[in-house]
Amino acid sequence: MTLRTPDGEHRISCPLHASLTLGCGPECDVTFEGVGILPRHCVLYRTGERTFQLIGVYAAAQFSVNGVTSSELEVNTPFKFGIGGEVFDVDVAEGDEVTAPQMAEGERTPGESGAAAGPRPSKRGYLLKPSSLKPRAGERVGEVILPTGPVTEAGGAPAAAVVAVPQATAAAAAPVISETREGVKAGVETKKAAGDEEESSSLLMVGLLACAAMIAGIIYWSHHLDRPSEEKEERVKPRVSDALPAVPPEVVIRACRELRQAGAAPLAGQMLMPLAEQGNLEAMHELALALRYAGKFGEEVVFLLQQAVEGGRREALRDFVSVVDDPENPERYTPAAFQQLKTAAKLGEAAAWMPLGERYEYGNGTEPDIKEALGAFEKARRFGDKRAAMKLSAKQEAMERTAAYVRSWNEVSVATLLDHVAAGQGKFFMLDHPPTEVLLKLEEELRSRWPLRRISVVAGAQAEVETFDLIKVTQPFQFEVQRGERIARGKGVLVCQVQRDVADKWRITDANDKIEVSELLPGKEQFIEGASLRALKPAFTHEEKVGEARLEILEEMRGLEATEDFKPALNVVMNAVYEFPQDTFWQPFADSLCDRMARQLFKEGKWLDAGWGETVHQLAERGSVSAMLLEGHLHAAGYGCQRNAARSVALYQKAFEAGKRRDARFYYAEALFQGRGVPQDSEKAGALVLSYMSRSKHPLEAYLAAHLLWRKAEHDPALWQDVYDTLSRVADKLPPAKNLAGMVLLNHGQTTKERRTGFAAIKAAAEEGVVEAMKNLSQCYLDGVGCEKDLHQATFWKQKALVTEPPRRRHYTEFEE
């Protein structure tokens, strides 16, 4: 083969099926200099007469062939080879097309392994730069390690050297090693006869022969595994290793173990194969480990370890279990793997119990059997397996969660309930899949029904494992509950399902209890007995029931201003209405609730829930004045119903006639005065208002009275003072009243000071957002009434009035006298 460089043409010997190592290191067959060239960069392997294969030693070793960059290519000569930024022409030299040996067996030069007869050219002759080949004893040549001195057997003869060679090189040389037993022996005898050679050359030759023996073993072993058992028994081919000096198997195995631990698992496997074939159990064990360390999982790993175990090598048991349960084992969850684990467990291997328990738990390779799984995990825990301890701790954790749930029944608040249960998943005290709010309400009822509770767990809890994420727990408890003079004592049993959630927390998903009452004080007639603790109730008298209903309504109405959630309170009030149809104790609560809802309506300008309208209507039908007024507001605004001004006025009138309340009088009179839904009737409105509200300090009442007085003052100027006095009492609380008072002073004031005071009041109301005051103020600036004329200010306030939203209406109950 020729390699053409800028320095000239170089002839390099590369026989058929031989290889050359290329790189920048001195141990390479062909050395290069350049950027990015590794010490051992790639291997050139001759596969045919004009065919070569280039393989990168490392993934980062890049080269190019005919401009194509890769780390592995097969190419025909001639070709252009690029490495380190330079390109070289490679071709087969004339007369070098066939380099494979053609001589008969036995005619080769002793010591050679496949080269043609005749002296081989020196390695120095075809390297691009000089390199020393001849190492000293104990030195390293590439990846070949030579011993520092001669290794002798017991008889004094030199023992075969244990050498480490590159795996790629050994594989490339495999087809060449095909000599018979006689040829190898002749080579060995010739080597012994050449005793006058240098010591290093002798050791190197012994090492090469040892490598040849290992390579031959690899080839024969792979074919041996693939051949039927009957063929294996027919004949045993002679091996190259028969001609080598005998090395004790334990020495070879120990050396191979050290090689494997040092990262040379492939080489260790090559050396172990002949011993494993001979039935050496320790060699089988080490060979399996070497194969596992060398690459991907293969079934031969399990086969070898199983043979070693079945042959009686107990040291292989742990490794056998490890490979059977290896995630890369494609047969990991098959019945065969299950039986292998059982075998290992029977032979006393502690590591087998944990994976065996998992097979029983999930039914991999066998039928699911939680009892067998528990037994296996228990044995694994005894041997110190932390995973088994975690599995078995599931029972204890589930029981602890159940006990904590029972103790939480003593707590005043239900805030911690969701730490113990997962609502909506199962049955809780005969409620099927209750949502969270229903479950919380159930617990709150228990606490309100029995204000004093002393509930404790007792011994005897049991856990039945269905899976290790779902456990059935039975927890006994005893209780004493009290309400006033009523005291109930007894015992019970809580049965629940406890499940592990995605956050690895245990939650109760199903619960039911059964109690036995042992004592009821002062008498049995004072109680309503039930099978569950939550079904045990006091037998209330009518007065006690009314009191309970009051307390329940008060509890629901607490904090309504902050939550603005009126539905629960509405439901409680309606329940009281239905339960006590002859009583009216609920009406003050209904009125207060409807007033709060009306204030919210006026404040937000919207009705939050259309469903509330029906409940308000029901309360109005049963006599709640505030419910009537609220329903009137809804009809007037069209919230939750069709806008109906006439219906609104009718409801205001009904509310006024039902209770003669001042707020009902105000809304009814206002509707009559404004003519909303009915013809305007100022006289009737005046009759309702003036005799009751002209001296009122309530802003809305005084403002309405001032409007009615204004009408009268237009015919009787003496009443303007009454109009102003009525407005001035509430001007600070109601900006529209301030504007109206200013207009009285501006139009009917007797002095300049009064008119200026009126102008100031109008301006203050305008600045507070009263649209009518803005319009009046613009007119004042335009006409110069109460101020100097100012066209700019007049235009400004007129435009502002056009773009300003009118202030929201304020509810009657927002003001206090």
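Residues numbered from 1 in each chain as written. Predicted model: local features only at pLDDT ≥ 70, side-chain atom pairs only at ≥ 80, totals over all residues. Heavy atoms only, no water.

*Asks:* Please clarify how the packing of aromatic side chains should be interpreted in this entry.
*Replies:* The description of an aromatic ring pair uses the distance of the two centres, along with the angle that the planes make with each other. Enumeration according to the criterion identifies 19 aromatic pairs in this entry. Here Phe477 and Phe479 contribute two aromatic rings whose centre-to-centre distance is 6.5 Å and whose plane-to-plane angle is 45 degrees, an arrangement assigned as tilted. With a relative accessible area of 4%, Phe479 lands in the buried category. Aromatic rings pair up to connect Tyr405, Trp409, Phe429, Phe477 and Phe479 into one cluster. The ring centre of Trp409 lies 4.4 Å from the NZ or CZ of Arg534, which sits over that ring. A cation over a ring is seen here: Arg665 above Tyr692, with NZ or CZ 3.7 Å from the ring centre. (Phe/Tyr/Trp six-rings, centres within 6.5 Å; stacked < 30°, edge-to-face > 60°. Buried < 20%, exposed > 50% of the residue type's maximum accessible area, 1.4 Å probe, protein only. Lys NZ or Arg CZ within 6 Å of the ring centre and 35° of its normal.)

*Asks:* What is the right way to look at the pairing of strand E17 (residues 462-467) in this model?
*Replies:* Looking along a regular strand, one sees side chains alternate from face to face of the sheet. Note that E17 and strand E18 (residues 470-483) share five bridges and pair antiparallel. Bridge pairing links Ala463 to Val473 in E18. Between E17 and E18, which pair antiparallel one after the other, the connecting turn spans two residues. (Pairing = 2+ DSSP bridges. Helix = DSSP H or I, 4+ residues; strand = E, 2+ residues; numbered from the N terminus.)

*Asks:* Is there a simple way to explain the confidence of the model for the protein chain in this structure?
*Replies:* The predicted coordinates should not be examined in detail at positions where pLDDT is low. Per-residue confidence for the protein chain gives a mean pLDDT of 80; residues scoring 70 or more make up 80%. With pLDDT under 50 throughout, residues 227-244 is counted as low confidence; its partners more than four residues away or in other chains account for 22 contacts. (pLDDT = per-residue confidence, 0-100. Contact = heavy atoms within 4.5 Å.)

*Asks:* In this structure, what is going on with the pattern of salt bridges? I would like to understand it.
*Replies:* Here the idea is simple: oppositely charged side chains can pair when their charged atoms come close. In this structure the tally under the stated criterion is 36 salt bridges. Measuring nitrogen to oxygen at the nearest pair gives 2.9 Å for the salt bridge that ties Arg50 to Asp91. Of the two residues, Arg50 sits in the loop between strand E5 (42-46) and strand E6 (51-56) while Asp91 sits in strand E11 (residues 86-91), which places them 41 residues apart along the sequence. Under the relative-accessibility criterion, Asp91 is labelled partly exposed at 23%. (Salt bridge = Lys/Arg side-chain N within 4 Å of Asp/Glu carboxyl O.)

*Asks:* How should I be thinking about the environment of Ala731 in this particular structure?
*Replies:* Within the element layout of this structure, Ala731 appears in the loop between helix H25 (720-728) and helix H26 (735-748). Overall, Ala731 belongs to the buried group, its relative accessible area being 12%. Put simply, Ala731 and Ala702 are 29 residues apart on the chain and 9.6 Å apart in space, counted from C-alpha to C-alpha. Those residues in contact with Ala731, other than ones at most four positions away along the chain, are Ala737 and Lys738.

*Asks:* I tried to follow the packing of helix H9 (residues 317-324) against helix H10 (residues 335-346) on my own but got confused; where do I start?
*Replies:* To characterise two packed helices, one gives the angle between the axes of the helices and the distance between these axes. The N-to-C vectors of H9 and H10 enclose an angle of 160 degrees; their axes lie 10 Å apart at closest approach. Accordingly, the angle class assigned to the pair H9 and H10 is roughly antiparallel. As for the relative orientation of H9 and H10, their crossing is left-handed in sense. Counted together, Leu317, Phe320, Val321 and Val324 of H9 and Ala337, Gln340, Leu341 and Ala344 of H10 form the full contact between these two elements. (Axes fitted to C-alpha atoms, helices over the stretch in contact; angles between N-to-C directions. Parallel < 35°, antiparallel > 145°, perpendicular 65-115°, else oblique. Left-handed = near helix turned anticlockwise from the far one by under 90°.)

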